[in-house]
Amino acid sequence: MKFGVITFPGSNCDQDIIYVLRDVLMQPVEELWHKDTDLKGCDFIILPGGFSYGDYLRSGAIARFSPVMSEVVKHANSGGYVMGICNGFQILCESGLLPGVLRHNENQKFICKNVHLKPASSSTIITENLDKYKAYKIPIAHAEGNYFATPEQMKEIQDNDQVLFRYCNEEAQVTSGSNPNGSLDNIAGICNKSKNVFGMMPHPERAADFELTSTDGREIFDGMLKAALV
Amino acid sequence: MSIVSTSVAEATLEQAEGMGLRPEEFEMIKEIMGRTPNFTEMCIYSVMWSEHCSYKNSIKWLKTLPKKGSHMLVEAGEENAGVVDIGDGLGCAFKIESHNHPSAIEPYQGAATGVGGINRDIFTMGARPIAQLNSLRFGKLNNEKTKWLLEGVVKGIGDYGNAFGIPVVGGEVFFDESYQTNPLVNAMSAGILSTDKIISATAKGPGNSVYIVGSATGKDGIQGASFASKDITADSANDLPSVQVGDPFQEKLLLEASLELAETDAVVGMQDMGAAGITCSSTEMSAAGKVGMKIDLDKVPKRQEDMKPFEILLSESQERMLVVVHKGKEKIVEDIFEKWDLHAVEIGEVVEGDKVTFSMKGEIVAEVSAHSLVLGGGAPVYDRESKEPAYYAENLKFNIDDIEVPDMDRIKRIAAALLGLPNIASKRWVWEQYDTMVGTANMCTNKPSDAGIVNIKGTNKAIALTVDCNARYVNNDPEIGTQIAVAEAARNISCTGAVPSAITNCLNFGNPYNPEVYWQFEGAIKGMSRACVAFGTPVTGGNVSFYNQTAKEDGAASPVFPTPTIGMLGVMKDKSLHTSLDFKYKGDLIFMLGDSKNCLGSSEYLSTLLEVKNSPAPYFNLEEEVKIQACVRGLIENNFINAAHDVSDGGLYTALVEMGMPGLLGFDIVSDSEIRMDAFLFGEAQGRILVSLVEEDEDNFLDYIGEQGINCTLLGHVTKGKIHVDGDHFGFINEAKHTFDTSLEKRMAAI
């Protein structure tokens, strides 16, 4: 499986995810540029974190007009895998590939810290190999990560088992105290109805390198690779 | 000889003084030019000869600092930042800089552009920034203005640095009333480069093209350098246009484009535009290469119409660089900047001689000698008068016996209160607003240690970075206090297992024309020199910020605490040595290297809780300090200890709690019958390092300590959570942690 990581002007986690995919997980990676008009044969497209186009209008709002995004939408609609992390998640919501929006954190501040995630859906390649009762320690780093969806969207998300992760405490209990940003239903990540487009605010690529002594993110990638390569 | 346009009127003495020049300096300029400068030329001299650009009141002393070292690739003053060889063909460029005056009146933009400026200093040399630190000082926290400043500064640093995408790996925040209306914002950046690809800030080769790249030029920040060179007063808000506006998105694009450019052979030299914009970059690059330049100001991309020559020349619009390009390689530069959607416009060429000539609408609007403008060239150099302030003698009269020894109940209350003081408590409220993990190289997120450790991916190495300065110590004794600042930085680095390598400094002082301030400055430089020689850590550069003072209600002003912030780099040859500060297992032994002293001088306990203002710097012995640090590095290399943490602000009790909190482990220790209980627990005598080890390593540990001739005491052992001193119960570690973690956010929320 060939991964494609898109660099938008203002992306700043592109090299981090490329490092994890290429040097830690030993996967082939193509570096894609926002002005590219084809995906160069990649199977799994990743939209990294950062501040695409400075995020001056609204996070992710301008990036969705990038030339490469029309190809990403086509890829997703034909069943190809697409994953957005942090700013990438915001872009996927803005472009309509994922339901809902990401609002300013409840405390109106940027928050960077380790949080804990509990896998929800067991019917996606991201989560199916994960322990549903484990709290995975993964960092967040965002100012706009407060997930919101309308009641109709929420019903569809629930009915289709589209929640990837919920914020939880160290004991894997989903509590209001463990919700860092005010997200609806503690939602940290979701997928689309067809379960080929994924978005999450936390950064698993920041917890995937043994040299950083925090590797729960690596379990997420390993589980995903195992499921996707079957 | 060219004819300078007469459409710009000759400058007058009154104008010169209005721009901050002294009458004798106006005379010097006339002599250099052989005529009276016009208004535009006067503007150029006024910014280039400002304190900020010329270092005219500090350079004599700065020259006495140790700069040499076999590992120095670029020494202080040679380029935008110093570069240290870290092996494997890699170098580390690092520097600290102040943005105090802008932050005092517009904390958000002031701090943001400080971050932008220091990072440009690093990547203009061809280094990719990999870590940032900051050192902040504010007035008392129980004050709405202080909270506004703190919120603005932290948000400014966060918004800029987070978007730019470089992690914050360390820093310090200190509160004292001397900073009430004049906060200090010192930002540091460190970058890695390939030693064969260092880009110089030098213009060479007449005929080569001069480009301006990055953002367009606007009217923001005009004469910021002059603004930074005068006292902050009640009227300073009128100087608001002197504050620049930052755009981290443009900076990120400029970074990527500049580093792509660094990979080509098109660049002769490059310098970022900080203070005094086009003026400073063009004249400094020309002076460095002993050439001149011809610049056409009509070609500079502008944000506003009808900008006057002096506005274009002095604009401090951010995210711009001046690049000298080899003739014939212009297309390479233009293509790279086109890719990143940035301006890259040819505005002139390098010429023979020493004259930098600026023209507009076909007329020469200014013609100046590059050499005459710059530090080390024709810029003035002054000796300043100094005088020991009266308070210094008062400090030395302090007698510890005048302070009553508290009983054990009071000791416990003091211990609890200390952990919640703004200068001791966790700065979590601050650093959670910074991206500390982007770049996936911060090795301290999950393994806290005394200095920030940054992984150099693809090598066996890591670098260690720290910023330190206890300005109360420096105020109470400038020479010893500054030695302590260097020693503490080195101690923090040594406790991680890294070896101290070099420093950068940010010298924040009051008005240099005040002899008592200048006495503090001289003492600080002497102390820094002595300590840097002892630790083998040359000074690679930095900056001087004078004129920091707090306005009083009666209109008078008093200088801030003298604050020579030390930013230190250390090198960890083998990153597996990285040692964290936290206790590992219940039952582990806790030892202290170094001696307890009957010393309360300058401690938080004495100064803040007991409100005793006059006391000397704490106990300090430079030779002992060097030995003890070598010893802790040896213990780490031999794997005899599992945690190391230095005793600093707040004293022994605070240090032990800090070791206990990450793993929620407590400690059970015994005191020293020779030492007063308050001095034992809360004194800040220097030269002490706490270590923990498993019992099986005790013999090896003691043998090694014996060989090194280091004094060391068994304090006690690690507990499951209880805190005991001489059998007295001081509560549990989770209670201490709660106080420590939440104190600052509670104070920020309090009205």
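*Asks:* I tried to follow the overall build of chain B on my own but got confused; where do I start?
*Replies:* When you go through chain B residue by residue, the secondary structure sums to 26 helices and 27 strands. For 751 residues, the compact-globule estimate of 2.2 N^0.38 gives 27 Å, and chain B sits close to it at 26 Å. Its C-alpha atoms give chain B principal-axis dimensions of roughly 85 × 60 × 45 Å. Going through the 751 residues of chain B one by one, you find that 65% of them count as buried. Here the analysis covers contacts within chain B between residues at least 6 apart in sequence; of these, 84% occur between residues at least 24 apart. Accessible surface for chain B amounts to roughly 25600 Å². Of this, 49% is attributable to carbon and sulfur atoms. Side chains of chain B carry 65 positive and 104 negative charges; the gap between the two charge centres is 2 Å.

*Asks:* Any chance you could explain the overall build of chain A here in plain terms?
*Replies:* Along its length, chain A carries 5 helices and 11 strands. Along the first, second and third principal axes, the C-alpha atoms of chain A reach 45 × 35 × 35 Å. Buried positions account for 63% of the 230 residues belonging to chain A. Nonlocal contacts in chain A, meaning residues at least 24 apart in sequence, comprise 76% of its contacts between residues at least 6 apart. When the accessible surface of chain A is split by element, carbon and sulfur atoms take 49% of a total near 8600 Å².

*Asks:* When you look at the packing of aromatic side chains in this model, what are you seeing that I'm missing?
*Replies:* Aromatic ring pairs are reported here in terms of the distance separating the ring centres and the angle at which the planes meet. Residue and element names in this part refer to chain B. All told, the structure shown has 21 aromatic pairs over all chains when counted by the stated rule. Residues Y179 and F561 carry aromatic rings whose centres are separated by 6.2 Å and whose planes lie at 80° to one another, so their mutual orientation is edge-to-face. Taken as a pair, Y179 in the loop between β5 (168-175) and β6 (184-194) and F561 in the loop between β19 (557-559) and β20 (563-572) lie far apart in primary sequence, 382 residues in all. Comparing Y179 with F561, the two get one shared label, buried.

*Asks:* Teacher, can you tell me more about the interface of chain A and chain B here?
*Replies:* Bring the parts together and some accessible area is lost; that lost area is often taken as the interface size. Facing the 29 residues of chain A at the interface are 32 residues of chain B. Around 2500 Å² of area is buried between chain A and chain B when both sides are counted, 57% of it from carbon and sulfur atoms. One can count 3 salt bridges joining chain A with chain B. The shortest N-O distance in the salt bridge between A:K35 and B:D341 comes to 3.3 Å. At the boundary of chain A with chain B, the tally comes to 12 residue pairs in polar contact (both at pLDDT 80 or more). Here the side of chain A that touches chain B takes 4 residues from strand β6 (residues 111-119) of chain A, the largest share from any one element. Within the side of chain A that touches chain B, the residues separate by chemical class into 13 nonpolar, 7 polar and 9 charged.

*Asks:* What should I look at first to understand the sheet that holds strand β21 (residues 589-593) of chain B in this one?
*Replies:* In a beta sheet, neighbouring strands are held together by backbone hydrogen bonds and run either parallel or antiparallel to one another. Residues and elements named next belong to chain B. Overall, mixed pairing links the 7 strands, which are arranged β22-β24-β21-β25-β23-β26-β27 in an open sheet. Edge positions in the open sheet fall to β22 (643-646) and β27 (728-732), since each of these has one partner strand only. Shown here is a sheet whose adjacent strand axes are inclined to one another by a mean of 25°, direction ignored. Strand direction decides the pairing type here: β21 and strand β24 (residues 689-693), joined by 5 bridges, are antiparallel. By the bridge assignment for β24, I590 is matched with S692.

*Asks:* Can you walk me through the environment of B:K597 in this structure?
*Replies:* Residues and elements named next belong to chain B. With respect to the element layout, K597 can be found in the loop between β21 and α21 (604-609). Distance in space between the C-alpha atoms of K597 and Y619 is 7.7 Å, their sequence separation being 22 residues. Contact partners of K597, with chain neighbours within four places excluded, come to Y619, I675, A679 and A685.

*Asks:* Sorry, what's going on with the side chain of A:S11 here?
*Replies:* The residue A:S11 is located in the loop between β1 (3-7) and α1 (14-24) in this model. Apart from residues lying up to four places away in sequence, A:S11 is in contact with A:I6, A:P48, A:G49, A:G50, A:F51 and B:K252.

*Asks:* Mind showing me how you'd approach helix α10 (residues 248-262) of chain B here?
*Replies:* For an α-helix, the turn length of 3.6 residues means that residues three or four places apart are oriented alike. Along its 15 residues, α10(B) runs 20 Å from first to last C-alpha, staying within 8% of the 21 Å computed at 1.5 Å per residue. Looking at where α10(B) begins, the residue whose side-chain oxygen comes 3.1 Å from the main-chain nitrogen of B:F249 is B:D247.

*Asks:* What is the right way to read the pattern of salt bridges from this model?
*Replies:* When the charged atoms of two side chains lie near each other, side chains of opposite charge can form a pair. Residue and element names in this part refer to chain B. Following the criterion strictly, the structure yields 44 salt bridges over all chains and no others. Of the charged contacts in the structure, one is a salt bridge between R35 and E41, with a shortest N-O distance of 2.9 Å. For K60, the salt bridge identified is with D383, shortest N-O distance 3.1 Å. Placement of K60 in helix α5 (residues 59-62) and of D383 in the loop between α14 (370-373) and α15 (390-396) is noted, with a sequence separation of 323 residues between them. Several salt bridges share partner residues, and in doing so they unite R428, K737, D741 and E745 into one network.

*Asks:* Even after reading the chapter, I still don't get the sheet that holds strand β14 (residues 452-455) of chain B, so can you show me in this structure?
*Replies:* All names here are of chain B. Strand order in the open sheet formed by 5 strands is β14-β15-β20-β16-β17, with mixed pairing between adjacent strands. Strands at the two margins of the open sheet, each flanked by one partner only, are β14 and β17 (539-545). Across the sheet, the mean angle separating the axes of adjacent strands is 20° when strand polarity is ignored. Bridging between strand β15 (residues 462-468) and β20 involves 7 bridges; their strand directions are antiparallel. What sits directly across from L465, in β20, is L569. On top of the sheet, helix α20 (residues 515-535) reaches β16 (499-508), β17 and β20; it is set at about 175° to β16, its chief contact.

*Asks:* Which parts of the structure should I look at to understand the nonpolar core?
*Replies:* Soluble globular proteins: nonpolar side chains tend toward being buried together. Core analysis: the largest hydrophobic core is formed by 97 residues, its most contacted members being A:L47 and B:F337. With residues near it in sequence (within four places) discarded, B:F337 still touches B:V213, B:L254, B:A257, B:L261, B:L342, B:H343 and B:A344. Membership of the second largest hydrophobic core comes to 49 residues, among which are B:L184, B:I453, B:F521 and B:I525.

*Asks:* When you look at the environment of B:F94 in this model, what are you seeing that I'm missing?
*Replies:* Tracing the backbone shows B:F94 in strand β3 (residues 90-98). For the pair B:F94 and B:I503, spaced 409 residues apart in sequence, the C-alpha to C-alpha distance is 8.6 Å.

*Asks:* Quick question: what am I supposed to make of the pairing of strand β2 (residues 29-33) of chain A here?
*Replies:* Remember that side chains alternate between the two faces of the sheet whenever the strand is regular. Residues and elements named next belong to chain A. Across 5 bridges, β1 lies against β2 in parallel orientation. Bridging across to β2, V5 finds its partner in E31. At this point the chain moves from β1, through α1, to the parallel β2, and the crossover so formed is right-handed.

*Asks:* Just to check I follow, could you spell out the confidence of the model for chain B for this structure?
*Replies:* Low-pLDDT portions of the prediction should not be read for the details of their coordinates. Averaged over chain B, the pLDDT score is 94; the fraction of residues at 70 or greater is 96%. What the predictor reports for the complex is a pTM of 0.95 with an ipTM of 0.97.

*Asks:* Could you clarify how one ought to interpret the side chain of B:S494 in this entry?
*Replies:* Residues and elements named next belong to chain B. Secondary-structure assignment places S494 in helix α19 (residues 478-496). Judged by relative accessible area, S494 falls into the buried class, the value being 0%. Look past the residues within four positions of S494 in its chain and what remains in contact with it is P500, Q629, V632, R633 and I636.

*Asks:* I tried to follow the pairing of strand β23 (residues 666-669) of chain B on my own but got confused; where do I start?
*Replies:* Residues and elements named next belong to chain B. Pairing analysis gives 4 bridges linking β23 to strand β25 (residues 712-719), with the strands arranged antiparallel. By the bridge assignment for β25, I669 is matched with G716. Bridging between β23 and strand β26 (residues 722-725) involves 3 bridges; their strand directions are parallel. By the bridge assignment, F667 is partnered in β26 with I723.

*Asks:* Please clarify how the packing of helix α7 (residues 107-123) of chain B against helix α8 (residues 144-164) of chain B should be interpreted in this entry.
*Replies:* A pair of packed helices is characterised by two quantities: the angle between their axes and the separation of those axes. Residues and elements named next belong to chain B. Close contact between α7 and α8 brings their axes to 7 Å; oriented N to C, the two are set at 35°. Crossing hand, α7 versus α8: right-handed. Contacts between α7 and α8 pair P107, Y108, A111, A112, V115, G116, N119, R120 and F123 from the former with W148, L149, G152, V153, K155, G156, I157, D159, Y160, G161 and F164 from the latter. In terms of residue class, the contact of α7 with α8 is built from 12 nonpolar, 5 polar and 3 charged.

How each quantity is defined
Residues numbered from 1 in each chain as written. Chains lettered and ligands numbered in written order. Predicted model: local features only at pLDDT ≥ 70, side-chain atom pairs only at ≥ 80, totals over all residues. Heavy atoms only, no water. Helix = DSSP H or I, 4+ residues; strand = E, 2+ residues; numbered from the N terminus. Rg over C-alpha atoms; globule rule 2.2 N^0.38 Å. Buried < 20%, exposed > 50% of the residue type's maximum accessible area, 1.4 Å probe, protein only. Contact = heavy atoms within 4.5 Å. Areas by Shrake-Rupley, 256 points an atom, 1.4 Å probe, with all protein chains shown as cover. Lys, Arg positive; Asp, Glu negative; His and termini not counted. Charge placed at Lys NZ, Arg CZ, Asp CG, Glu CD. Phe/Tyr/Trp six-rings, centres within 6.5 Å; stacked < 30°, edge-to-face > 60°. Buried area = accessible area lost by both parts, 1.4 Å probe. Salt bridge = Lys/Arg side-chain N within 4 Å of Asp/Glu carboxyl O. Polar contact = N/O pair within 3.5 Å; in protein donor to acceptor, adjacent residues only side chain to side chain. Nonpolar A, V, L, I, M, F, W, Y, C, P; charged D, E, K, R; others polar. Pairing = 2+ DSSP bridges. Axes fitted to C-alpha atoms, helices over the stretch in contact; angles between N-to-C directions. Expected span 1.5 Å × (residues − 1). Core = buried A, V, L, I, M, F, W, Y, C linked by side-chain atoms within 4.5 Å. Right-handed = clockwise from strand over helix to strand, strands pointing away. pLDDT = per-residue confidence, 0-100. Left-handed = near helix turned anticlockwise from the far one by under 90°.

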